[in-house]
Amino acid sequence: MDVTAEVALECLERMVVIRAVEEGICAEYSNRNIRGPVHLSIGQEAMAVGVLNVCRPEDVAVSTHRDHAHYLAKGGSVGAMIDELYGLESGCSRGYGGSMHLFSGEANFMGASAVLPGSTPIAVGLGLGCKLDGRRAVAVGFSGDGASDEGSFFEALNLAAVLKLPVLFVCENNGLSTNTPLAARQAQTDISAKARAFGLVAANADAVDVFAVRRAAAEVLDHVRSTSQPAVLALTADRLCAHVGPVSTIDPIDTGAMLAEAANGATRDPIASCVGAILRDEPQLRGECIEILEGVPTRIAAEFRRANAAFEDRNAVAGLVAPPPPKSHTV
Amino acid sequence: MVSPDTLRVDYAGAVVHALKQEMERDTRVFVYGEGINDTGAYLNSTDGIAARFGEARCFDVPNCEDALVGLGIGSALMGYRPVFVSLRVDFLMLAMNQIINHAARWPAMTGYQASVPLTIRALIGRGWGQAAQHSGALYSMFANVPGLEVVLPSSPLEGAGLLLTALRSNLTTIVIDDRGVFAGAEDVPAVVEPIPFGEARVARAGTDVTFFAISSMVSFALRVADQVAASGISAEVIDLRTARPLDEETIRSCAARTGRVAVFDIGWPGFGLSAEVARVISEASPLQRRLLSVHRKDEQTPSSAFLEDAHYPRLDDVAQQVEAHFS
Ligand SMILES: Cc1ncc(C[n+]2csc(CCOP(=O)(O)OP(=O)(O)O)c2C)c(N)n1
Ligand SMILES: [Mg+2]
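Position numbers for residues start from 1 in each chain and track the written sequence from start to end. Written order determines the labels here, with chains lettered from A and ligands numbered from 1. Predicted model: local features are reported for residues with pLDDT of at least 70 only, side-chain atom pairs are reported and counted for 80 or more only, and whole-chain, interface and lining totals are derived from all residues. Each side-chain value is worked out from all heavy atoms of the structure, with water and hydrogens disregarded.

### Details of the domain arrangement of chain B
Residues and elements named next belong to chain B. Cut-off, in case you're wondering: All the domain ranges listed were derived from an automatic or database domain assignment. Residue contacts are defined here by distance: any two heavy atoms, one from each residue, within 4.5 Å place the two residues in contact. As a working definition, buried area equals the accessible area (1.4 Å probe) given up by two parts on being put together, with both sides summed. Salt bridges are defined as contacts in which a side-chain nitrogen from Lys or Arg sits within 4 Å of a carboxyl oxygen from Asp or Glu. Polar contacts, as used here, are pairs of N or O atoms within 3.5 Å; protein pairs need one atom able to donate a hydrogen and one able to accept it. Residues neighboring in sequence count only if both atoms are side-chain atoms. Numbering of helices and strands runs from the N terminus; a helix is a DSSP stretch of H or I covering at least four residues, while a strand is a stretch of E covering at least two. Note on residue classes: Ala, Val, Leu, Ile, Met, Phe, Trp, Tyr, Cys and Pro are nonpolar, Asp, Glu, Lys and Arg are charged, and everything else, Gly too, is polar.
Domain parsing of chain B yields domain 1 (6-189) and domain 2 (201-326). Inter-centroid distance (C-alpha atoms) of domain 1 to domain 2 is 26 Å. With 25 residues of domain 1 in contact, the opposing surface of domain 2 contributes 21 residues. Buried area between domain 1 and domain 2, summed over both chains or domains, comes out near 1,800 Å², and the portion from carbon and sulfur atoms is 54%. In terms of surface lost to domain 2, no three residues of domain 1 exceed Tyr139, Pro146 and Leu152, which account for 29% of the buried area on that side. Counting across the domain 1 and domain 2 interface gives two salt bridges. Run the count over domain 1 and domain 2 and you get 16 residue pairs in polar contact (both at pLDDT 80 or more). Mapped onto the side of domain 1 that touches domain 2, the elements with two or more residues apiece are helix 7 (139-143), strand 6 (148-151) and helix 8 (156-168). A total of four residues in the side of domain 1 that touches domain 2 trace back to one element, the largest contributor, which is strand 6. Partitioned by chemical class, the residues of the side of domain 1 that touches domain 2 number 16 nonpolar, four polar and five charged.

Have a look at this one:
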């Protein structure tokens, strides 16, 4: 670990917040008060957390359909996000956006697009705004590997490079677009190589290790900030959940199981990997780790209960009948 | 003698004049487009902007329309007021994802917390053998979309005032410049006043028939009106100015007064201006009541179950509407 104990615990806590919110979604979804598609980030939390942990509050970010982790890692309110999932006016997008369009003006999380690669060109415009503001802020555009099948993704890279704009394009490669593997969609699967061909600086990191992401992000961000030139950060990790819908392929956080998994050097769970790194280098932080693993999910479960009750109250007036569960979550 | 408080300018001159006025007043406004600083670019309608404000506020860009609209959206989200100049409306077809899925929808998707004050100017290459791919009007595609404003100026004076309103609007506004309006000159005030959207203008008074027209078809309608006057037909000509918002009130009242209507569109007939005018009139006329349009709300779809429920037509509501409308 090349970070202070404080930063290490901050990263762990943020990842556990994201995981606990999504586990909450999985647990609550069958009650049918959360009515809309959900794209979970389980397995991919270290991407958002590693990058945004080294960003500044004044940096601005945009995301995709899979935006929960980015919103939460940028500092978006947990309660307002959960309210948004329940379609409440108190939601972070006032009930208009839902899971795929979270927004937080205070956190400089500028929103998310669910049409590929829609937010990537917008990130370029945010970069122009940062440059015109002259405050050395940076725009961060998150996208999946699937977005880089699209032509306008590369228009955006080229435009940012030629206009010399401070944009960090974070390409989250989970190897899948829905369920189609990257190799079936792209002949050249190295996104960094393509970025370099467009004249951008590019770096890679394996995003099972949040600290490796953080290190790589700090380096490229420094370049973007000091030169006002864009860069690409290509991250790889496994999506440990379905493309869409409340389906995780790993068990909910359990402290004992997590501590055991933390000892597994080959784990693909970024939270276990983070706990493992902390306990290896700073074994005295064991108590703090356990407190996070146990405390955070409890607090977040309470947020779900509050939002669910607010939904029920609202629906006592509106009288909506719960629709039948979708036949398939794949669309 | 030209009085000092007006300028005699053609459409391009009027646009440049309004743009300079606003760029002077509001430093958040900037302009960009492909080849924008070439001599005579966009029929001279960006002449002298870079010289006056510098290339940081009037800059050339690569040929990537989708990303260029994204550039505008992102900077608009940060409070700037970008103006994207597209040499043809046809080229905007490459940017439909950003224009419709993003510029028009971003405010709604954030619960109207964010706004996208972007202006897009695009030219219709009417005439001079420009053929199919450089002469498209295509404005009704945009006018269909809630969240956008679609502006169709008919003259230099109109061009200046409507552009000023576009630059000050908090919505994404598409200003369609038909090459047909670039020819004549007109007196434009030294200090341009904004012309509000959704307020039609009487271009010619008349009593027998109302001509509703937009863009270059306004002057065409005026010439038709002059010609039919010889046969004793007194035609009123209304410049609708904006397709979205549409001045439905004026359409209804003029149609009620003259009882006869002709529509002068710059585009194709299908799903165009005449259908829209006919809908407004048929739904409103207390004598006719022959048409009721059943549709989703004229807004971008919200996510919340509560809001979504009110967005789509509801059986009981529509049944009630039908009873009220046709009984
Ligand atoms: C233009 C467009 N085409 C197709 C889709 C359907 N779609 C939604 S998510 C998705 C997968 C995208 O994969 P990727 O960009 O790698 O993101 P991930 O879901 O893996 O996070 C697809 C194809 C879409 N939203 N937009
Ligand atoms: Mg993917």
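After presenting the structure, the write-up continues.
### Remarks on the sheet that holds strand 9 (residues 201-204) of chain B
Residue and element names in this part refer to chain B. The condition that has to hold: The rule for pairing is simple: two strands pair if DSSP sees at least two bridges between them. Geometry is summarised by axes, namely lines fitted to C-alpha atoms with helices restricted to the contacting stretch, and by angles between N-to-C directions that run from 0 to 180 degrees.
The strand order across the open sheet formed by four strands is 9-11-10-13, and the pairing between neighbours is mixed. With partners counted over all chains shown, the strands left at the sheet margins are strand 9 and strand 13 (261-264), one partner each. Strand-to-strand, the axes of this sheet are offset by a mean angle of 30°, without reference to chain direction. Of the pairings in the sheet, the one linking strand 10 (residues 209-213) to strand 11 (residues 235-239) comprises five bridges and is parallel in character. From the neighbouring strand, valine 209 faces strand 11, where its bridge partner is alanine 235. Against the sheet, helix 10 (residues 248-258) makes contact with strand 10, strand 11 and strand 13, and its axis sits at roughly 155° relative to strand 10, the strand it touches most.

### Here's the deal with the site of ligand 1
All names here are of chain A. Defined as follows: Here, proximity means that at least one heavy atom of the residue falls within 4 Å of the molecule or strand. Using a 1.4 Å probe, accessible areas were evaluated by the Shrake-Rupley method; residue-level cover was limited to the displayed protein chains.
Around ligand 1 sit 15 residues in total, of which His65, Arg66, Asp145, Gly146 and Asn174 are the nearest. Here an oxygen atom of ligand 1 and a backbone polar atom of glycine 146 are 2.7 Å apart. Here an oxygen atom of ligand 1 and a backbone polar atom of leucine 176 are 3.0 Å apart. Relative to its free-state accessible area of 580 Å², ligand 1 is covered by the protein chains to the extent of 74%. Class assignment of the residues belonging to the shell around ligand 1 gives a composition of five nonpolar, seven polar and three charged.

### Observations regarding the pairing of strand 8 (residues 231-236) of chain A
Residue and element names in this part refer to chain A. Spelled out, the test is: Using a 1.4 Å probe on the protein chains alone, a residue whose accessible area is under 20% of its type maximum counts as buried, one over 50% counts as exposed, and one in between counts as partly exposed. The definition of a right-handed crossover adopted here requires that, viewed with the strands pointing away, the path from the first strand over the helix to the second runs clockwise.
Across the six residues of strand 8, five count as buried, placing the element largely inside the fold. Bridge count for strand 4 (residues 167-173) against strand 8 is six bridges, and the pairing is parallel. Looking at strand 8, one finds that cysteine 171 is bridged to alanine 234. Where strand 7 (residues 201-206) meets strand 8, six bridges bridge the pair, whose relative direction is parallel. In the strand pairing of strand 8, alanine 202 is matched with valine 232. With helix 8 (residues 210-227) bridging strand 7 and its parallel neighbour strand 8, the resulting β-α-β unit is right-handed.

### Let's talk about the environment of Glu248(B)
Residue and element names in this part refer to chain B. Structurally, the position occupied by glutamate 248 is in helix 10. Taking C-alpha positions, glutamate 248 is 23 Å from aspartate 178, a pair spaced 70 residues apart along the chain. With residues near it in sequence (within four places) discarded, glutamate 248 still touches Arg279 and Val280.

### Quick word on the packing of helix 1 (residues 5-28) of chain A against helix 11 (residues 286-318) of chain A
Residue and element names in this part refer to chain A. Which entries qualify depends on this criterion: For classification, angles of less than 35 degrees are called roughly parallel, those exceeding 145 degrees roughly antiparallel, those between 65 and 115 degrees roughly perpendicular, and all remaining angles oblique. By the definition used in this description, the sense in which the near helix is turned from the far one sets the handedness, with an anticlockwise turn below a right angle giving left-handed and a clockwise turn giving right-handed.
Relative orientation of the contacting elements helix 1 and helix 11 amounts to 40°, with a least axis distance of 9 Å. Between helix 1 and helix 11, the angle is such that the two are oblique. Crossing of helix 1 against helix 11: the hand is right-handed. Contact residues: Leu9, Leu12, Glu13, Val16, Val17, Ala20, Val21, Gly24, Ile25 and Glu28 in helix 1; Glu288, Cys289, Ile292, Leu293, Val296, Pro297, Arg299, Ile300, Phe304 and Asn308 in helix 11. Class assignment for the residues of the contact of helix 1 with helix 11 results in 14 nonpolar, two polar and four charged.

### Quick notes on the sheet that holds strand 7 (residues 172-178) of chain B
Residue and element names in this part refer to chain B. Across the sheet, seven strands lie side by side as 3-2-4-5-7-6-12; this open sheet has mixed pairing. Sheet topology places strand 3 (58-60) and strand 12 (242-244) at the edges, where each strand pairs with a single neighbour. Each adjacent strand pair in this sheet contributes to an overall mean axis angle of 20°, direction not counted. The sheet contact formed by strand 6 and strand 7 spans four bridges and is parallel. Paired with valine 150 across the bridge in strand 7 is isoleucine 174.

### A closer look at the packing of aromatic side chains
To be explicit about the condition: Pairing of aromatic rings covers Phe, Tyr and Trp, the last through its six-membered ring, and needs centres within 6.5 Å; plane angles under 30 degrees mean stacked, over 60 mean edge-to-face, and all others mean tilted. Charge-over-ring placement is defined geometrically: NZ (Lys) or CZ (Arg) within 6 Å of the ring centre, and within 35 degrees of the ring normal.
Across all of its chains, the model carries 14 aromatic pairs over all chains by this definition. Considering the side-chain rings of Phe311(A) and Phe306(B), the 5.2 Å spacing of their centres and the 40° angle between planes classify their relative orientation as tilted. Taken together, the positions of Phe311(A) in helix 11 and Phe306(B) in helix 12 (residues 305-311) put the pair across two chains. In this structure, Arg314(A) is placed above the aromatic ring of Phe306(B), and the distance from its NZ or CZ to the ring centre is 4.2 Å.

### Observations regarding the interface of chain A and chain B
Facing 47 residues of chain A, the contacting portion of chain B comprises 37 residues. Here chain A packs against chain B, burying approximately 3,300 Å² in sum over the two surfaces, 71% of which is carbon and sulfur. The tally of links between chain A and chain B comes to zero salt bridges. Counting across the interface, chain A meets chain B through 12 residue pairs in polar contact (both at pLDDT 80 or more). Going through the elements one at a time, strand 1 (60-63), strand 2 (109-112), helix 5 (119-133), helix 6 (151-162) and helix 11 of chain A are the ones with two or more residues in the side of chain A that touches chain B. Residue contributions to the side of chain A that touches chain B peak at 11 residues, all from helix 5 of chain A. Per-class residue counts for the side of chain A that touches chain B are 27 nonpolar, 15 polar and five charged.

### A look at the coordination of the magnesium ion (ligand 2)
Residues and elements named next belong to chain A. How we decide: Only N, O and S atoms count as donors, using a 2.8 Å limit from the metal and a wider 3.2 Å limit for Na, K and Ca, and since water is excluded some coordination spheres may look unfilled.
Coordination sphere of the magnesium ion (ligand 2), protein contribution only: Asp145 (OD), Asn174 (OD1) and Leu176 (O), at 2.0 to 2.1 Å. Binding-site remark: the magnesium ion (ligand 2) is held by donors from one chain whose sequence spacing is D-x28-N-x1-L. Of the two residues, aspartate 145 sits in the loop between strand 3 (139-144) and helix 6 while leucine 176 sits in strand 5 (residues 176-177), which places them 31 residues apart along the sequence. On the accessibility criterion, leucine 176 (26% relative accessible area) is partly exposed.

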